[in-house]
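Take a look at the letters that make up each chain.
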Amino acid sequence: DQQVKQNSPSLSVQEGRISILNCDYTNSMFDYFLWYKKYPAEGPTFLISISSIKDKNEDGRFTVFLNKSAKHLSLHIVPSQPGDSAVYFCAGFPGGGNKLTFGTGTQLKVEL
Amino acid sequence: GAVVSQHPSWVICKSGTSVKIECRSLDFQATTMFWYRQFPKQSLMLMATSNEGSKATYEQGVEKDKFLINHASLTLSTLTVTSAHPEDSSFYICSASKVGQGDSPLHFGNGTRLTVT
(Lines give C-alpha, C1' and ligand atoms only; values in the text may rest on other atoms or scores of the structure.)
Protein backbone atom coordinates (compact mmCIF):
# COMPACT_ATOMS: atom_id res chain seq x y z
CA ASP A 1 0.00 0.00 0.00
CA GLN A 2 1.79 3.08 -1.25
CA GLN A 3 0.59 5.84 1.05
CA VAL A 4 2.68 8.51 -0.63
CA LYS A 5 2.85 8.57 -4.40
CA GLN A 6 5.00 10.48 -6.80
CA ASN A 7 3.58 9.51 -10.16
CA SER A 8 6.26 11.14 -12.27
CA PRO A 9 9.49 9.17 -12.02
CA SER A 10 11.35 11.83 -13.96
CA LEU A 11 11.11 15.45 -14.98
CA SER A 12 13.26 17.49 -17.31
CA VAL A 13 13.28 21.28 -17.14
CA GLN A 14 15.34 24.02 -18.75
CA GLU A 15 17.55 26.17 -16.60
CA GLY A 16 15.71 29.26 -15.42
CA ARG A 17 12.28 27.73 -15.82
CA ILE A 18 9.99 26.49 -13.10
CA SER A 19 10.14 22.89 -11.89
CA ILE A 20 6.96 21.46 -10.43
CA LEU A 21 7.15 18.16 -8.59
CA ASN A 22 3.93 16.54 -7.48
CA CYS A 23 3.02 14.24 -4.64
CA ASP A 24 -0.23 12.56 -3.61
CA TYR A 25 -0.99 10.84 -0.36
CA THR A 26 -3.74 8.64 0.97
CA ASN A 27 -3.14 8.64 4.72
CA SER A 28 -5.36 11.30 6.31
CA MET A 29 -3.34 10.98 9.53
CA PHE A 30 -0.42 12.79 7.95
CA ASP A 31 -0.24 16.31 9.29
CA TYR A 32 3.27 17.30 8.32
CA PHE A 33 4.98 16.92 4.98
CA LEU A 34 8.57 17.23 3.97
CA TRP A 35 10.55 17.33 0.78
CA TYR A 36 14.00 15.84 0.56
CA LYS A 37 16.61 16.08 -2.13
CA LYS A 38 18.94 13.20 -2.81
CA TYR A 39 22.08 12.93 -4.89
CA PRO A 40 23.36 9.51 -5.99
CA ALA A 41 25.11 7.54 -3.25
CA GLU A 42 24.27 10.15 -0.63
CA GLY A 43 21.64 10.38 2.05
CA PRO A 44 18.62 12.62 1.57
CA THR A 45 18.89 16.23 2.68
CA PHE A 46 15.96 18.17 4.01
CA LEU A 47 14.64 20.83 1.69
CA ILE A 48 11.36 22.28 2.92
CA SER A 49 8.36 21.26 4.96
CA ILE A 50 4.76 22.22 5.44
CA SER A 51 2.29 21.72 8.23
CA SER A 52 -1.22 20.63 7.40
CA ILE A 53 -2.59 23.85 8.88
CA LYS A 54 -0.95 25.76 6.06
CA ASP A 55 -1.43 25.64 2.34
CA LYS A 56 1.83 27.25 1.32
CA ASN A 57 5.37 27.53 2.59
CA GLU A 58 8.12 29.40 0.84
CA ASP A 59 11.88 29.34 1.30
CA GLY A 60 13.92 31.13 -1.31
CA ARG A 61 13.51 29.42 -4.65
CA PHE A 62 11.46 26.61 -3.12
CA THR A 63 7.74 26.74 -2.44
CA VAL A 64 5.58 23.89 -1.28
CA PHE A 65 1.83 23.93 -1.75
CA LEU A 66 -0.58 21.70 0.09
CA ASN A 67 -4.13 20.91 -0.96
CA LYS A 68 -5.57 18.90 1.91
CA SER A 69 -8.91 18.23 0.31
CA ALA A 70 -7.20 16.72 -2.70
CA LYS A 71 -4.48 15.09 -0.57
CA HIS A 72 -1.96 16.62 -2.91
CA LEU A 73 1.19 18.61 -2.48
CA SER A 74 3.65 20.08 -4.90
CA LEU A 75 7.13 21.52 -4.80
CA HIS A 76 7.92 24.47 -7.02
CA ILE A 77 11.49 25.43 -7.79
CA VAL A 78 11.98 28.71 -9.57
CA PRO A 79 14.24 29.51 -11.21
CA SER A 80 15.58 26.00 -11.72
CA GLN A 81 19.33 25.60 -11.69
CA PRO A 82 21.55 22.74 -12.93
CA GLY A 83 22.57 22.03 -9.32
CA ASP A 84 18.94 21.22 -8.58
CA SER A 85 19.29 18.04 -10.62
CA ALA A 86 18.64 15.26 -8.11
CA VAL A 87 15.96 12.89 -6.93
CA TYR A 88 13.26 14.58 -4.88
CA PHE A 89 11.26 12.65 -2.32
CA CYS A 90 8.15 13.85 -0.59
CA ALA A 91 7.34 12.33 2.77
CA GLY A 92 4.40 12.31 5.13
CA PHE A 93 4.54 12.42 8.89
CA PRO A 94 1.59 11.45 11.10
CA GLY A 95 0.49 13.61 14.00
CA GLY A 96 2.14 12.50 17.24
CA GLY A 97 4.50 10.16 15.49
CA ASN A 98 7.92 10.41 13.94
CA LYS A 99 7.92 7.79 11.21
CA LEU A 100 8.30 9.24 7.79
CA THR A 101 6.63 7.55 4.85
CA PHE A 102 8.39 8.37 1.62
CA GLY A 103 7.16 8.61 -1.91
CA THR A 104 9.01 6.85 -4.70
CA GLY A 105 10.87 9.94 -5.78
CA THR A 106 11.09 12.06 -8.92
CA GLN A 107 14.34 12.45 -10.79
CA LEU A 108 14.69 16.10 -11.77
CA LYS A 109 17.08 17.06 -14.52
CA VAL A 110 17.73 20.71 -15.12
CA GLU A 111 19.25 21.26 -18.52
CA LEU A 112 21.32 24.16 -19.72
CA GLY B 1 23.30 21.94 11.25
CA ALA B 2 22.85 18.50 12.69
CA VAL B 3 25.14 15.86 11.29
CA VAL B 4 24.57 12.15 11.09
CA SER B 5 27.55 10.06 10.20
CA GLN B 6 27.20 6.60 8.68
CA HIS B 7 30.04 4.14 8.32
CA PRO B 8 31.13 2.49 6.13
CA SER B 9 29.94 4.30 3.02
CA TRP B 10 30.32 1.15 1.00
CA VAL B 11 31.14 -2.46 1.72
CA ILE B 12 31.51 -5.63 -0.31
CA CYS B 13 31.14 -8.90 1.50
CA LYS B 14 30.85 -12.56 0.67
CA SER B 15 27.61 -14.44 0.93
CA GLY B 16 27.11 -15.90 4.40
CA THR B 17 29.15 -13.31 6.26
CA SER B 18 27.85 -10.54 8.51
CA VAL B 19 28.24 -6.82 8.04
CA LYS B 20 27.85 -4.08 10.63
CA ILE B 21 26.83 -0.55 9.72
CA GLU B 22 27.18 2.29 12.21
CA CYS B 23 25.07 5.39 12.48
CA ARG B 24 26.20 8.22 14.72
CA SER B 25 24.66 11.56 15.53
CA LEU B 26 27.71 13.80 15.81
CA ASP B 27 26.40 16.97 17.40
CA PHE B 28 23.10 16.06 18.98
CA GLN B 29 21.45 13.36 21.01
CA ALA B 30 18.97 11.08 19.31
CA THR B 31 16.72 8.84 21.34
CA THR B 32 15.34 7.46 18.12
CA MET B 33 17.12 6.46 14.97
CA PHE B 34 15.63 4.95 11.86
CA TRP B 35 17.00 2.50 9.36
CA TYR B 36 15.90 2.64 5.75
CA ARG B 37 16.65 0.58 2.72
CA GLN B 38 16.49 1.79 -0.82
CA PHE B 39 16.35 -0.44 -3.86
CA PRO B 40 17.31 1.07 -7.21
CA LYS B 41 14.69 3.51 -8.48
CA GLN B 42 12.47 2.84 -5.50
CA SER B 43 11.45 4.71 -2.43
CA LEU B 44 13.18 4.69 0.89
CA MET B 45 11.54 1.89 2.85
CA LEU B 46 11.59 2.06 6.61
CA MET B 47 13.05 -1.14 8.02
CA ALA B 48 13.05 -0.48 11.73
CA THR B 49 12.94 2.14 14.43
CA SER B 50 15.82 2.02 16.86
CA ASN B 51 15.19 3.26 20.38
CA GLU B 52 18.02 3.92 22.79
CA GLY B 53 18.06 1.38 25.59
CA SER B 54 15.26 -0.78 24.26
CA LYS B 55 14.50 -3.24 21.52
CA ALA B 56 14.07 -2.00 18.00
CA THR B 57 10.67 -1.97 16.36
CA TYR B 58 10.69 -3.68 12.98
CA GLU B 59 8.39 -2.99 10.09
CA GLN B 60 6.27 -5.76 8.67
CA GLY B 61 8.24 -8.10 6.48
CA VAL B 62 11.64 -7.21 7.94
CA GLU B 63 13.37 -10.14 9.61
CA LYS B 64 14.60 -9.04 13.01
CA ASP B 65 16.99 -11.98 13.31
CA LYS B 66 18.59 -11.07 10.03
CA PHE B 67 18.83 -7.33 10.55
CA LEU B 68 20.09 -6.88 14.10
CA ILE B 69 19.78 -3.40 15.48
CA ASN B 70 21.49 -2.11 18.58
CA HIS B 71 21.07 1.39 19.96
CA ALA B 72 23.48 1.43 22.86
CA SER B 73 23.75 5.17 23.38
CA LEU B 74 22.07 8.42 22.46
CA THR B 75 24.52 8.92 19.63
CA LEU B 76 25.04 5.47 18.15
CA SER B 77 22.89 2.85 16.48
CA THR B 78 24.19 -0.15 14.57
CA LEU B 79 22.61 -2.37 11.97
CA THR B 80 24.13 -5.80 11.44
CA VAL B 81 23.15 -7.73 8.37
CA THR B 82 23.69 -11.34 9.37
CA SER B 83 24.37 -14.20 6.98
CA ALA B 84 24.21 -11.82 4.07
CA HIS B 85 22.85 -12.95 0.73
CA PRO B 86 23.11 -11.29 -2.67
CA GLU B 87 19.49 -10.13 -2.37
CA ASP B 88 20.51 -8.10 0.67
CA SER B 89 22.59 -5.92 -1.64
CA SER B 90 21.09 -2.48 -1.33
CA PHE B 91 21.61 1.06 -0.12
CA TYR B 92 21.02 1.36 3.62
CA ILE B 93 20.41 4.77 5.17
CA CYS B 94 19.99 5.76 8.78
CA SER B 95 18.35 8.86 10.14
CA ALA B 96 17.95 10.48 13.50
CA SER B 97 15.80 13.11 15.09
CA LYS B 98 16.86 15.39 17.88
CA VAL B 99 15.62 14.75 21.36
CA GLY B 100 12.59 16.88 22.15
CA GLN B 101 11.99 18.01 18.59
CA GLY B 102 9.22 15.77 17.38
CA ASP B 103 8.53 17.76 14.27
CA SER B 104 12.10 18.41 13.28
CA PRO B 105 13.08 17.10 9.90
CA LEU B 106 15.00 13.91 10.23
CA HIS B 107 18.69 14.14 9.57
CA PHE B 108 20.10 11.44 7.37
CA GLY B 109 23.40 9.74 7.09
CA ASN B 110 25.02 9.45 3.68
CA GLY B 111 24.08 5.82 3.38
CA THR B 112 25.95 2.55 3.01
CA ARG B 113 26.12 0.72 -0.28
CA LEU B 114 26.20 -2.99 0.52
CA THR B 115 27.14 -5.46 -2.17
CA VAL B 116 27.00 -9.16 -1.34
CA THR B 117 28.85 -11.39 -3.74
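Let us look at the structure shown here.

This part covers the side chain of Ser 90 of chain B. Among the secondary structure elements, Ser 90 of chain B is positioned in strand β9 (residues 90–97). If we skip the residues at most four places from it in the chain, Ser 90 of chain B touches Arg 37, Gln 38, Phe 39, Thr 112, Arg 113 and Leu 114 of chain B.

What follows covers the interface of chain A and chain B. Taken together, the 18 residues of chain A in the interface contact 21 residues of chain B. For the pair chain A and chain B, the two sides together bury roughly 1500 Å², of which 61% comes from carbon and sulfur. On the surface where chain A and chain B come into contact, there are zero salt bridges. Counting across the interface, chain A meets chain B through one residue pair in polar contact (both at pLDDT 80 or more). Going through the elements one at a time, β4 (30–38) and β9 (86–94) of chain A are the ones with two or more residues in the side of chain A that touches chain B. When residues in the side of chain A that touches chain B are grouped by element, the largest group, four residues, is from β4 of chain A.

Moving on, we come to the environment of Ile 50 of chain A. Residues and elements named next belong to chain A. Following the sequence through the fold, Ile 50 ends up in strand β5 (residues 45–51). In this structure, the C-alpha to C-alpha distance between Ile 50 and Ser 10, residues 40 residues apart in sequence, is 23 Å. Leaving out residues up to four positions away in the same chain, Ile 50 has contacts with Tyr 32, Phe 33, Asp 55, Lys 56, Asn 57, Val 64 and Leu 66.

We now examine the sheet that holds strand β1 (residues 4–5) of chain A. Residues and elements named next belong to chain A. In spatial order, the strands read β1-β3-β8-β7-β6; together these five strands make up an open sheet with antiparallel pairing. Every other strand in the sheet has two partners, leaving β1 and β6 (56–59) as the edge strands with one partner each. Across four bridges, the pairing between β6 and strand β7 (residues 62–67) is antiparallel. Residue pairing for β7: Lys 56 is matched across the bridge by Phe 65.

It is worth spelling out the packing of aromatic side chains at this point. Counting across every chain of the model gives 12 aromatic pairs over all chains. Measuring from centroid to centroid gives 5.8 Å for Tyr 36 of chain A and Phe 102 of chain A, while their planes differ by 55°, and the two rings are tilted. One end of the pair, Tyr 36 of chain A, is in strand β4; the other, Phe 102 of chain A, is in strand β10 (residues 101–102), and 66 residues separate them in sequence. Phe 102 of chain A matches Tyr 36 of chain A in its accessibility class, with the two residues each being buried. Both rings, one in Phe 102 of chain A and one in Phe 108 of chain B, keep their centres 5.9 Å apart while their planes meet at 70°; by these two values the pair is edge-to-face. With Phe 102 of chain A in strand β10 and Phe 108 of chain B in strand β10 (residues 107–108), this residue pair bridges two chains. Given the relative accessible area of 2%, Phe 102 of chain A is considered buried. Phe 108 of chain B gets classed as buried once you look at its relative accessible area, which sits at 9%. A connected cluster of aromatic rings, assembled from ring pairs, spans Tyr 36, Phe 46, Phe 89 and Phe 102 of chain A together with Tyr 36 and Phe 108 of chain B.

With the rule as written, the count across this model stands at two disulfides over all chains. With a sulfur-sulfur separation of 1.8 Å, Cys 23 of chain A is cross-linked through a disulfide to Cys 90 of chain A. Linking Cys 23 of chain A and Cys 90 of chain A, the disulfide has an S-S dihedral of approximately 65° and is accordingly described as right-handed. Placement of the pair is Cys 23 of chain A in strand β3 (residues 19–25) and Cys 90 of chain A in strand β9, with a sequence separation of 67 residues. On the basis of relative accessibility, which here comes to 1%, the residue Cys 23 of chain A falls in the buried class. The class for Cys 90 of chain A is buried, based on a relative accessible area of 0%. At a sulfur-sulfur separation of 2.0 Å, the disulfide partner of Cys 23 of chain B is Cys 94 of chain B. Given an S-S torsion of about 80°, the disulfide between Cys 23 of chain B and Cys 94 of chain B has right-handed geometry. With a gap of 71 residues between them, Cys 23 of chain B in strand β3 (residues 19–25) and Cys 94 of chain B in strand β9 connect regions that are remote in the sequence. Like Cys 94 of chain B, Cys 23 of chain B is buried. Cysteine Cys 13 of chain B is unpaired, with the sulfur of Cys 94 of chain B as its nearest cysteine sulfur at 18 Å. Residue Cys 13 of chain B is classed as buried on the basis of its relative accessible area, which comes to 9%.

Here is what the cut-offs are and how they apply
Residues numbered from 1 in each chain as written. Chains lettered and ligands numbered in written order. Predicted model: local features only at pLDDT ≥ 70, side-chain atom pairs only at ≥ 80, totals over all residues. Heavy atoms only, no water. Helix = DSSP H or I, 4+ residues; strand = E, 2+ residues; numbered from the N terminus. Contact = heavy atoms within 4.5 Å. Buried area = accessible area lost by both parts, 1.4 Å probe. Salt bridge = Lys/Arg side-chain N within 4 Å of Asp/Glu carboxyl O. Polar contact = N/O pair within 3.5 Å; in protein donor to acceptor, adjacent residues only side chain to side chain. Pairing = 2+ DSSP bridges. Phe/Tyr/Trp six-rings, centres within 6.5 Å; stacked < 30°, edge-to-face > 60°. Buried < 20%, exposed > 50% of the residue type's maximum accessible area, 1.4 Å probe, protein only. Disulfide = S-S within 2.5 Å.

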